[in-house]
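Summary of the model geometry
Here is how the chains run, residue by residue.
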Amino acid sequence: MTLILLPCLAVLSGAWLWKSRQGIGARIIFLANRVGKDTDFAFDVRILNEGKVVGYTADITYRWGNLFTDYYEQVDKHLWVAPGGGCEIKQLLRSRHAGRIEASIVSLTVYDLF
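All values derive from a computational prediction rather than experimental measurement.

Overview of the overall build of the chain
Of the regular secondary structure elements, the chain holds 1 helix and 7 strands. Counted from the first residue to the last, the chain has its helices and strands arranged as α-β-β-β-β-β-β-β. Summarising the internal contacts of the chain: among those between residues at least 6 apart in sequence, 72% fall at separations of at least 24.

A few points about the side chain of Asn66
With respect to the helices and strands, Asn66 occurs in strand E4 (residues 56–66). For Asn66, the side chain forms a polar contact with the main-chain nitrogen of Phe68, separated by 2.9 Å. Excluding residues within four positions of it along the chain, Asn66 makes contact with Tyr71, Ser95, His97, Ala98, Gly99, Arg100 and Ile101.

So, the side chain of Asn49
With respect to the element layout, Asn49 can be found in strand E3 (residues 39–49). The class for Asn49 is buried, based on a relative accessible area of 2%.

Some details on the sheet that holds strand E5 (residues 71–81)
Backbone hydrogen bonds hold the strands of a sheet together, and the pairing may be parallel or antiparallel. Spatial ordering of the open sheet is given by E2-E7-E4-E5, a layout of 4 strands whose pairing is antiparallel. The open sheet has two free edges, formed respectively by strand E2 (34–35) and E5, since each of these has just one partner strand.

Overview of the pattern of salt bridges
All told, the structure shown has 4 salt bridges when counted by the stated rule. Close ionic contact of Asp44 with Lys90 constitutes a salt bridge, the shortest N to O distance being 3.8 Å. A residue pair is termed long-range when its members are at least 10 positions apart, and Asp44 in strand E3 and Lys90 in strand E6 (residues 85–95) qualify at 46 residues. Notably, a salt bridge pairs Lys90 with Glu88, separated by 3.7 Å at the nearest N-O pair. Through salt bridges with shared partners, a single ionic network connects Asp44, Arg46, Glu88 and Lys90.

Here is what the cut-offs are and how they apply
- Residues numbered from 1 in each chain as written.
- Predicted model: local features only at pLDDT ≥ 70, side-chain atom pairs only at ≥ 80, totals over all residues.
- Heavy atoms only, no water.
- Helix = DSSP H or I, 4+ residues; strand = E, 2+ residues; numbered from the N terminus.
- Contact = heavy atoms within 4.5 Å.
- Polar contact = N/O pair within 3.5 Å; in protein donor to acceptor, adjacent residues only side chain to side chain.
- Buried < 20%, exposed > 50% of the residue type's maximum accessible area, 1.4 Å probe, protein only.
- Pairing = 2+ DSSP bridges.
- Salt bridge = Lys/Arg side-chain N within 4 Å of Asp/Glu carboxyl O.

In structure tokens, the structure reads:
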């Protein structure tokens, strides 16, 4: 019985992820696009899951940097994306130099339950 049930659950999990792919997304939010020297600034990465029933795991890679100095830092995270909301990464960063800040999501990979 278990040998029949597990493959069926895996197929259903993949089908659910395929159906709900429009409700999954990510965005970067930060309040200032310019910073002064040795200034702290808040930086949030939000992964949204509009599904009401199933949560997912996700791998996200994002990068942020100072356009003036051409210094960039890339961050990789493995996260649980809860149903009905998602998850949020909050960071407080410090810029060593004044300049315009840029941020982008390099990749977002979402995995089903199996």
